[in-house]
Amino acid sequence: MYAPPKSRLPWFVGIGLVLVVGLIAVVTNLSGGWPTPPSTAGPSPSASASPSPALSGFPFASKDERITGRWEVLDRRWSDDGLHVELRIAVDRGTLNYTFLAFANQSAEVAYPGPGNDNPGLGEGILDAGEERTGWLFFPTTRDSTTIVLSDGLGRQLSALLVDA
């Protein structure tokens, strides 16, 4: 009697999760951890073309390194609805068309930024070399250590930062 082949989807999902967790562990060990500096928010989410001193934060680069920069978590707080996080992004080279997503590390459920009450909001956008932007994002997720992913406009991951619960 013929039996249909067993689905391999659970194997692929499991391997994908192991790879994501392994990547986070490797990056965390190489960088000595994820710093969360104190808040130094600017008054506006608008981009500024004025050169700034060396930006603290975590570096990112596109695969071909045509786009490079740094980003960091300035402030964060949890509510019953999810994670409110203030980020700063600065582009050193190229033009970055950016977007974000996050996932709680225990569930690996993807959360996309939604409207929050904090101003200035960050959202998706475009930054040229020498520009930086600071603003707030809200991720509807459970209170747990959460990884925020910075992606380019095509959804390719550039970097990830960990926010503790």
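Residues numbered from 1 in each chain as written. Predicted model: local features only at pLDDT ≥ 70, side-chain atom pairs only at ≥ 80, totals over all residues. Heavy atoms only, no water.

## Some details on the side chain of Asp118
Counted only if it meets this: Numbering of helices and strands runs from the N terminus, with a helix taken as a DSSP run of H or I at least four residues long and a strand as a DSSP run of E at least two residues long. For the exposure calls, accessible area comes from a 1.4 Å probe over protein chains only, and a residue counts as buried if that area is under 20% of its type's maximum, exposed if over 50%, partly exposed in between. Any pair of nitrogen or oxygen atoms within 3.5 Å is treated as a polar contact; in protein, a donor-acceptor pairing is required on top of that, and neighbouring residues in sequence qualify only through side-chain atoms on both sides.
If you trace the backbone, Asp118 turns up in the loop between strand 5 (110-111) and strand 6 (125-128). Note on Asp118: relative accessible area 17%, which makes it buried. A polar atom in the side chain of Asp118 sits 3.3 Å from the side chain of His84.

## Quick word on the pairing of strand 8 (residues 146-152)
So the rule is basically this: A pair of strands is labelled paired if DSSP reports no fewer than 2 bridges between them.
Most of strand 8 sits inside the fold, with seven of its seven residues counted as buried. Neither face of strand 8 is exposed, since Thr146, Ile148, Leu150 and Asp152 on one face and Thr147, Val149 and Ser151 on the opposite face are all buried. Taking the residues between adjacent antiparallel strands as the criterion, strand 8 and strand 9 (residues 157-163) are bridged by four residues, where Gly155 takes a positive phi near 85°.

## Remarks on the packing of aromatic side chains
What describes a pair of aromatic rings is the distance from one ring centre to the other and the angle between the planes of the rings. Quick note on the threshold: Aromatic rings from Phe, Tyr and Trp, taking only the six-membered ring of Trp, are treated as a pair when their centres fall within 6.5 Å; an angle between ring planes under 30 degrees marks them as stacked, one over 60 as edge-to-face, and anything in between as tilted.
Applying the stated rule across the entire model yields two aromatic pairs. Summarising the aromatic geometry, the rings of Tyr98 and Phe100 are spaced 5.6 Å apart at their centres and angled 65° between planes, so their arrangement reads as edge-to-face. A relative accessible area of 1% places Tyr98 in the buried class. A residue is classified by how much of its surface remains accessible, and Phe100, at 3% relative accessible area, is buried.

## Comments concerning the pattern of salt bridges
Let me state the cut-off plainly: Here a salt bridge means any side-chain nitrogen of Lys or Arg lying within 4 Å of a carboxyl oxygen belonging to Asp or Glu.
On inspection of all chains with the given rule, the structure shows four salt bridges. Across the pair Arg88 and Glu72 runs a salt bridge, and its minimum N-O distance is 2.7 Å. Separated by 16 residues along the polypeptide, Arg88 in strand 3 (residues 83-93) and Glu72 in strand 2 (residues 68-78) bring together distant segments of the chain. With a relative accessible area of 13%, Arg88 lands in the buried category. With its nearest N and O atoms 2.9 Å apart, the salt bridge here joins Arg77 to Asp118. Taken as a pair, Arg77 in strand 2 and Asp118 in the loop between strand 5 and strand 6 lie far apart in primary sequence, 41 residues in all.

## Some thoughts on the nonpolar core
Selection rule: Each nonpolar core is a collection of buried residues, namely Ala, Val, Leu, Ile, Met, Phe, Trp, Tyr and Cys, held together in the definition by side-chain atoms within 4.5 Å. Contact criterion: two residues are considered in contact whenever any of their non-hydrogen atoms come within 4.5 Å of each other.
Core analysis: the largest hydrophobic core is formed by 25 residues, its most contacted members being Phe60, Trp71, Ile89, Phe100 and Ile148. Taken together, the elements giving at least two residues each to this core come down to strand 1 (58-61), strand 2, strand 3, strand 4 (95-104), strand 7 (132-139), strand 8 and strand 9. In this structure Ile89 touches Phe60, Arg70, Trp71, Leu96, Tyr98, Phe100, Leu122, Leu127, Glu131, Glu132, Arg133 and Leu150, once residues within four positions along its chain are discounted.

## Details of the environment of Asp152
Mapped onto the elements of the fold, Asp152 is located in strand 8. C-alpha of Asp152 to C-alpha of Ser62: the two residues are 90 residues apart in sequence and 8.2 Å apart in space. Not counting the four nearest positions on each side in its chain, Asp152 is found in contact with Asn97, Thr99 and Leu158.

## A short note on the sheet that holds strand 1
The cut-off we apply is this: Angles run from 0 to 180 degrees between N-to-C directions of axes, and those axes are lines fitted to C-alpha atoms, restricted for helices to the stretch in contact.
Taken together, the four strands give an open sheet; going across it, the order is 1-2-3-7, and neighbouring strands pair in antiparallel fashion. Since the sheet does not close on itself, it has two edges, and those belong to strand 1 and strand 7, each with one partner. Strand-to-strand twist across the sheet, computed as the mean angle between neighbouring axes with direction ignored, equals 30°. Both strand 3 and strand 7 contribute to a ladder of eight bridges, which runs antiparallel. Its bridge partner being in strand 7, Leu87 is matched across the sheet by Gly135.

## So, the confidence of the model for the protein
For clarity, the threshold we go by: The pLDDT value tells you how sure the predictor is about a given residue, anywhere from 0 up to 100.
Per-residue confidence for the protein gives a mean pLDDT of 79, with 67% of residues at or over 70. The low-confidence segment residues 25-52 (pLDDT under 50) makes 42 contacts with residues lying over four places distant or belonging to another chain.

## Concerning the pairing of strand 2
Summarising the sheet, strand 1 and strand 2 pair through four bridges and their orientation is antiparallel. Each residue of the ladder has a partner; that of Phe58, found in strand 2, is Trp71. Linkage of strand 1 to strand 2, two consecutive antiparallel strands, is achieved through a turn of six residues, within which Glu65 is found at a positive phi near 60°. Pairing of strand 2 with strand 3, which is carried by ten bridges, proceeds in the antiparallel orientation. By the bridge assignment, Val73 is partnered in strand 3 with Leu87. Counted between consecutive antiparallel strands, the loop separating strand 2 from strand 3 contains four residues, among which Gly82 sits at a positive phi close to 155°.

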